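# Descriptive analysis of the structure
This is what each chain is made of:
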Amino acid sequence: MSLEDGDPARPRGQPVNGEVSGTPRLRAMGDPSLRGTTAPGGSRTEAMAEGWEPGPARGDGDVTPGGAPQQAGQQEEALMTELSELVQKVVKSSSWWERHGVDISILACSFLLLPAGFLCLRSAQAIPFLAGVLTLGVVHHTLTVKGSHLASHNALTESKSWGKVWAIFFIELCSAFTVEQATYNHVKIHHGYTNVIGLGDSSTWKLPFLNRYVYMFIAPLTVPILTPLVALDLLRNVEWKAALRTLCCMFLGFYCHYWLLLHVSGFQSPWSALLCMLLTRSLLAHPYIHVNIFQHIGLPMFAADRKPKRIHLMSLGVLNLPRNALLDWSFGHSLISCHVEHHLFPSLSDNMCLKIKPIVSQYLKQKKLPYNEDTYSSRLQLFLQRYEELMVHAPPITELVGIQ
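The model shown is predicted, which means the values in this text are computed figures rather than measured ones.

A few words now on the overall build of the protein chain. Regarding its fold elements, the protein chain presents 16 helices and two strands. The buried share among the 404 residues of the protein chain stands at 53%. Accessible area of the protein chain: about 18000 Å², with a carbon and sulfur share of 62%.

Right, let's talk about the packing of aromatic side chains for a bit. In this description, an aromatic ring pair is defined by two values, namely the gap between the centres and the angle between the planes. Enumeration according to the criterion identifies twelve aromatic pairs in this entry. Here tryptophan 166 and phenylalanine 169 contribute two aromatic rings whose centre-to-centre distance is 6.1 Å and whose plane-to-plane angle is 85°, an arrangement assigned as edge-to-face. Of this pair, tryptophan 166 and phenylalanine 169 both sit in helix H4 (residues 160–174), separated by three residues, roughly a single helical turn. Phenylalanine 169 sits in the partly exposed class, given a relative accessible area of 23%.

Under the UniProt annotation, "transmembrane region" (unreviewed entry) lies at residues 213–235 and 242–264. Spanning residues 213–235, this segment combines 78% helix with 0% strand, and its end C-alpha atoms are found 32 Å apart.

Taken together, Ile225, Leu226, Leu229, Val230, Leu232 and Leu247 make up a surface patch of nonpolar side chains, about 500 Å² in accessible area. When residues of the nonpolar patch are assigned to their parent elements, the largest contribution, five residues, is made by helix H7 (residues 223–234).

With that settled, the discussion passes to the packing of helix H3 (residues 126–152) against H4. The relative placement of two packed helices comes down to the angle between their axes together with the axis-to-axis distance. Their axes nearest at 8 Å, the elements H3 and H4 cross at an angle of 140°. With respect to H4, the element H3 is oriented oblique. As H3 packs across H4, the resulting crossing turns out to be left-handed. On the side of H3, the interface is formed by His140, Leu143, Thr144, Gly147, Ser148, Ala151 and Ser152, while H4 contributes Trp166, Ala167, Phe170, Ile171 and Cys174. Per-class residue counts for the contact of H3 with H4 are seven nonpolar, five polar and no charged.

Another point: the nonpolar core. Taken as a class, soluble globular proteins show a tendency for nonpolar side chains to be buried jointly. Counting 25 residues, the largest nonpolar core has Leu344, Phe345, Val360 and Leu364 as the members making the most contacts within it. Elements represented by at least two residues in this core include exactly helix H1 (70–92), helix H11 (310–317), helix H13 (339–344) and helix H14 (350–366). If you look at the next biggest cluster of nonpolar residues, it comprises 20 residues, including Leu107, Val179, Leu234 and Cys249.

Turning to helix H5 (residues 179–191), its buried residues number three or more, namely Val179, Gln181, Ala182, Tyr184, Val187, Ile189, His190 and His191. On its buried face, H5 sits against H3, H4, H7, helix H8 (240–263), H11 and H13.

Below, the discussion takes up the pattern of salt bridges. This structure, assessed with the given rule, holds 13 salt bridges. Of the charged contacts, one joins lysine 309 and glutamate 77 as a salt bridge, the two residues approaching to 3.3 Å between their closest N and O atoms. Pair noted here: lysine 309 is in the loop between helix H10 (285–294) and H11 and glutamate 77 is in helix H1, with a separation of 232 residues, a long-range link. Residue lysine 309 is classed as buried on the basis of its relative accessible area of 7%. The buried category is assigned to glutamate 77, whose relative accessible area is 11%. Shared partners join several salt bridges into a network, and the residues in it are Lys164, Glu172, Glu180 and Arg245.

Now for the packing of H8 against helix H9 (residues 270–281). The geometry of H8 relative to H9 is characterised by a closest axis approach of 9 Å and an angle of 115° between their N-to-C directions. Both H8 and H9 take part in a crossing whose hand is right-handed. Touching Gly253, Phe254, His257, Tyr258, Leu261 and Leu262 of H8 are Pro270, Ala273, Leu274, Cys276, Met277, Thr280 and Arg281, all from H9. Split by residue class, the contact of H8 with H9 holds nine nonpolar, three polar and one charged.

Our focus in this paragraph is the confidence of the model for the protein chain. Close inspection of predicted coordinates is inappropriate for parts of the model with low pLDDT. Looking at the protein chain as a whole, the pLDDT averages 84, with 81% of positions reaching at least 70. Ignoring residues within four places in sequence, the model shows residues 1–66, a span with pLDDT below 50, making 191 contacts including any to other chains.

Considering the arrangement of structural elements, one finds asparagine 372 in strand E2 (residues 372–373). Polar contacts involving the side chain of asparagine 372 include one to the main-chain carbonyl oxygen of valine 318, which spans 3.3 Å.

A few words on unusual backbone geometry. In this structure, alanine 176 takes a positive phi of about 60° despite not being glycine. Looking at the element boundaries, alanine 176 is found in the loop between H4 and H5. A relative accessible area of 4% means that alanine 176 is categorised as buried.

This part covers the environment of cysteine 174. With respect to the element layout, cysteine 174 can be found in helix H4. Distance from cysteine 174 to threonine 144, taken between C-alpha atoms, is 5.7 Å for residues 30 residues apart in sequence. Excluding residues within four positions of it along the chain, cysteine 174 makes contact with His140, Leu143, Thr144, Phe169 and Arg281.

Turning next to the side chain of asparagine 195. Tracing the backbone shows asparagine 195 in the loop between H5 and helix H6 (212–218). At a separation of 2.9 Å, a polar atom in the side chain of asparagine 195 contacts the main-chain carbonyl oxygen of proline 300. Non-local contacts of asparagine 195, meaning those with residues more than four positions away in its chain, are made with Gly200, Asp201, His296, Leu299, Pro300, Met301, Phe302 and Gly317.

So, on to the environment of valine 214. Structurally, valine 214 is set in helix H6. Once residues within four sequence positions are removed from consideration, valine 214 is found in contact with Ala219 and Pro220.

How each quantity is defined
Residues numbered from 1 in each chain as written. Predicted model: local features only at pLDDT ≥ 70, side-chain atom pairs only at ≥ 80, totals over all residues. Heavy atoms only, no water. Helix = DSSP H or I, 4+ residues; strand = E, 2+ residues; numbered from the N terminus. Buried < 20%, exposed > 50% of the residue type's maximum accessible area, 1.4 Å probe, protein only. Areas by Shrake-Rupley, 256 points an atom, 1.4 Å probe, with all protein chains shown as cover. Phe/Tyr/Trp six-rings, centres within 6.5 Å; stacked < 30°, edge-to-face > 60°. UniProt positions renumbered as here; feature names shortened; annotations may be inferred. Patch = residues over 30% accessible without salt bridge, like charges linked within 9 Å, V, L, I, M, F, W, Y side chains within 5 Å. Salt bridge = Lys/Arg side-chain N within 4 Å of Asp/Glu carboxyl O. Axes fitted to C-alpha atoms, helices over the stretch in contact; angles between N-to-C directions. Parallel < 35°, antiparallel > 145°, perpendicular 65-115°, else oblique. Left-handed = near helix turned anticlockwise from the far one by under 90°. Contact = heavy atoms within 4.5 Å. Nonpolar A, V, L, I, M, F, W, Y, C, P; charged D, E, K, R; others polar. Core = buried A, V, L, I, M, F, W, Y, C linked by side-chain atoms within 4.5 Å. pLDDT = per-residue confidence, 0-100. Polar contact = N/O pair within 3.5 Å; in protein donor to acceptor, adjacent residues only side chain to side chain.

The structure is reproduced here in structure tokens:
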């Protein structure tokens, strides 16, 4: 893998390749501001707002390498503005079905598959039983990954009120996590500071005390157990009303799943029902963990005070994987084959990210900017070979020579 020819910021020893107010007002993530922002727990910290719109670009305090003149920074911002205007035209010409309907239909179909999944588990024969496990596993990840991700960016609806409702439903009821912390950590930090060391560098996915094979192939099975435990710990950082709401939603989500396994699927003991819950909820945990590290770790990393402008930050630090029918359905295009597009325009739905993909890729390549793509198997091999370097040791900071 390698950045496109002419890329000025290849890190040494790191081969690389490759919220939504209503549309038509497209909002791309703005650059972070360190002033006047408050974390969910009330502590002042670095955060940003999803409120950037196409228009005259303003300086964001990024340090331009080598003391380059201000005009260079304005040219970089002009690139993002130009790309945003191209995408805006596509969004304005798209129907509600393209903007939201396709993804809502996928989530609705997943709900409709739930009865079939629970009824298949009643069978004593292996094939129907395994079909039930597969169905419930895919449905669970569609709701908890695709649904929660879209809801965290308010990309399911053009209504902020309904967006809050869907966020609580998908993130708290289905995923057993708290909305405030999920939104803050993902939207404000990860998107606001993509590949910035100590902030949005995906370090939360690193477990350096585990060896490569345990981390890549065994640890993912614990995701259904660790997720609610982490969520419970984070409840200390939110208001008591939000914490109480989260606890009620988490309990309701777990209990409904457990009750349906006992009374619809016919499990005879609590332990067998709980084991089935673990099995279905961890069915796609391996690609879930892999995707979260493949698309950022191993790419250029930056210091908070020495990072490039937004369009360079996202083109350098984000990678697309090839389309995959199962993962496209369960995780969504914005997490698989359109991750670059998603980081540039996080307010767009999965289907819209797929629609603007040709425009974004062509524009970045035309402007001699990186457009990183790689296969799942290639990234897996890379992480197994360089696990110590990528997942244990602190990543080197990319030199910004030539980015202007």
